[in-house]
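# Chain and residue survey
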Amino acid sequence: AHQGTGFLIGPDVILTNRHVLQLIATPQAGGGWKVKADSAIDFGHEFKARPSVNRRKLKEVVFWGDRAIDFNLIDHTKLDLALIELEPLPGGPDPFAVQSVAPAVTNPGVPVVIVGTPAELVDPS
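First, a word on what this report is: a plain description of the structure on this page. (Residues numbered from 1 in each chain as written. Predicted model: local features only at pLDDT ≥ 70, side-chain atom pairs only at ≥ 80, totals over all residues. Heavy atoms only, no water.)

## Focus: a nonpolar patch on the surface
Taken together, V62, F63 and L79 make up a surface patch of nonpolar side chains, about 250 Å² in accessible area. For F63, the location among the structural elements is in strand β6 (residues 56–64). (Patch = residues over 30% accessible without salt bridge, like charges linked within 9 Å, V, L, I, M, F, W, Y side chains within 5 Å. Areas by Shrake-Rupley, 256 points an atom, 1.4 Å probe, with all protein chains shown as cover. Salt bridge = Lys/Arg side-chain N within 4 Å of Asp/Glu carboxyl O. Helix = DSSP H or I, 4+ residues; strand = E, 2+ residues; numbered from the N terminus.)

Okay, structure coming up:
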C-alpha cells in the first residue's frame, strides 16, 4: 500500500519524510532503523501516471530527524526528513537520477526548492 512519497536526490538515495519512515521502518534498540522487507519506491505514478517505473527496493536508512513525528500534531521544530539508500538498479544508472544537491547545500546562498505530492496517510496504529 502507498505510504508516502520520496525524491531521488542521487543515483541510489531518496529524500522522504521522517513521518513516512515511521510507517516503512522499525526503530532499532541500538539506534538506526530496519526497513520493512517489502518496502520500495516506484517512480511510475509521478511519471506520466504510469503504473510502474523503475521500482526500487529500500536498502538502508542513512539519515533521519532525531525526534518522532506525531501524526496528529504539526510541530515545525521537528525535522521531518529522512534519507534512504536504495538497492542498486540492475543494468546501470537510473534514468531518473538527478545531480546531487550537495553543491547547493554547501552554498547557503543557493535556493533549493522541493515540492511534495500530498497523499492520504495510512494510520500507523
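Here the narrative resumes.
## Quick look at the nonpolar core
Ranked by internal contacts, the top residues of the largest apolar core, which has 16 residues, are I14, L21, L58 and I84. Counting residues per element, the ones that place at least two in this core are α1 (18–24), β4 (33–35), β6 and β7 (82–86). Among the elements that make up this core, the one with the highest residue count is α1 (4 residues). Excluding anything up to four places from it in sequence, I14 contacts F7, L8, I9, I41, F43, L58, A82, L83, I84 and L86. (Core = buried A, V, L, I, M, F, W, Y, C linked by side-chain atoms within 4.5 Å. Buried < 20%, exposed > 50% of the residue type's maximum accessible area, 1.4 Å probe, protein only. Contact = heavy atoms within 4.5 Å.)

## Notes on the pairing of β6
As paired strands, strand β5 (residues 40–41) and β6 are joined by 2 bridges and run antiparallel to one another. Each bridged residue has a counterpart across the sheet, and for A40 the counterpart in β6 is K57. Note: β6 against β7, 5 bridges, orientation antiparallel. Looking at the pairing, V61 lines up with I84 of β7. (Pairing = 2+ DSSP bridges.)

## Some details on the side chain of T16
Mapping T16 onto the fold places it in strand β2 (residues 13–16). Within the structure, the side chain of T16 is placed 2.6 Å from the backbone oxygen of T5, a separation counted as a polar contact. (Polar contact = N/O pair within 3.5 Å; in protein donor to acceptor, adjacent residues only side chain to side chain.)

## Side note on the environment of G6
Relative to the helices and strands, G6 is located in the segment before β1 (7–10). Distance in space between the C-alpha atoms of G6 and N17 is 7.6 Å, their sequence separation being 11 residues.

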